[in-house]
Amino acid sequence: MRLRNIPGSRELIAESEYVIQTPEAQKGKWHEIFQNTYPLHLEIGMGKGRFLTTLSTKYPKINYLGIEKYSSVLVRAIEKRAEHPEISNLYFLRYDAEYICDLFAPGEVERIYLNFSDPWPKDRHAKRRLTSKEYLARYDRILSSNGWIEFKTDNLSLFEFSLDQIEQFGWEALDVTYDLHNSPFRSENVMTEYEERFLALGNSIYRLTARRKNV
């Protein structure tokens, strides 16, 4: 998908009170940003921010960080965040998830959300997929002992790739469904913008959680 450049987006991000400008400095002490010790949840590739904005309103005793590397997308999340000035548990980062271990200390994160991630369909790009073994190793370093990942996609090939990678990495996939919106997990689901669009097209939504074995 071609991303439209938004003039002034980098300047808006640099000035936004909702974006942490020096996230590396917070490694191991994100509780200082939020001024509490509530659990920390991340969404990697958060898009326009609907998912996290909904969660942060629904669960005020969880701290949320949205990570997005594209300025033109992050600007839209900032706009949505500005519609909810009452929220105090949600911040954003403009960052590449490849370097996520530079941002968080071991065990600092309780949950990671991966929603409709880029499938990187060419085989030579498999390591770039956010559910590859390479990325699972990064998550393994920052997740707490009982932390876990929640993954949703409408791409069957990416979903099956993810199941295989989770097994190869030595983790386990739980709550696996090939039709989220006709499953018992639907009642807990918070939709994203992409999810709503794909459902309208009649696409199935695939979902799983992944965690270390014997937790």
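Notes on the structure in this doc start here. Everything numeric here is computed off the predicted structure, so don't read it as measured data.

### Some points on the nonpolar core
Turning to step 1, where the next piece is worked out: Counting 37 residues, the largest nonpolar core has Leu42, Ile44, Leu65, Phe104, Ile112, Tyr139 and Ile149 as its most contacted members.
Turning to step 2, where the next piece is worked out: Among the elements that take part in this core, helix α6 (residues 156–169) stands out by supplying five residues, more than any other.
Turning to step 3, where the next piece is worked out: Beyond its immediate sequence surroundings of up to four residues, isoleucine 149 is in contact with Ile112, Leu114, Leu136, Tyr139, Leu143, Trp171, Leu208, Thr209 and Ala210.
Turning to step 4, where the next piece is worked out: Judged by nonpolar contacts, the second largest core, of 18 residues, contains Ile13, Leu55, Ile87 and Leu90.

### Comments concerning the pattern of salt bridges
Turning to step 1, where the next piece is worked out: Here the structure, examined in full by the defined rule, presents six salt bridges.
Turning to step 2, where the next piece is worked out: Among the ionic pairs, aspartate 140 bridges to arginine 212, the shortest N-O distance being 2.8 Å. Of this pair, aspartate 140 sits in helix α5 (residues 133–142) while arginine 212 sits in strand β7 (residues 206–212); the two residues are 72 residues apart in sequence, bridging distant segments of the chain.
Turning to step 3, where the next piece is worked out: Judged by relative accessible area, which is 17%, arginine 212 ranks as buried.
Turning to step 4, where the next piece is worked out: Residues arginine 207 and aspartate 175 are paired through a salt bridge, measuring 3.9 Å at the closest nitrogen-oxygen approach. One end of the pair, arginine 207, is in strand β7; the other, aspartate 175, is in strand β6 (residues 171–177), and 32 residues separate them in sequence.
Turning to step 5, where the next piece is worked out: For aspartate 175, a relative accessible area of 34% gives the class partly exposed.
Turning to step 6, where the next piece is worked out: Taken together, the shared-partner salt bridges in this structure form one network comprising Glu150, Asp175 and Arg207.

The rules we used
Residues numbered from 1 in each chain as written. Predicted model: local features only at pLDDT ≥ 70, side-chain atom pairs only at ≥ 80, totals over all residues. Heavy atoms only, no water. Core = buried A, V, L, I, M, F, W, Y, C linked by side-chain atoms within 4.5 Å. Buried < 20%, exposed > 50% of the residue type's maximum accessible area, 1.4 Å probe, protein only. Helix = DSSP H or I, 4+ residues; strand = E, 2+ residues; numbered from the N terminus. Contact = heavy atoms within 4.5 Å. Salt bridge = Lys/Arg side-chain N within 4 Å of Asp/Glu carboxyl O.

The values reported here are purely geometric and, on their own, carry no functional implication.
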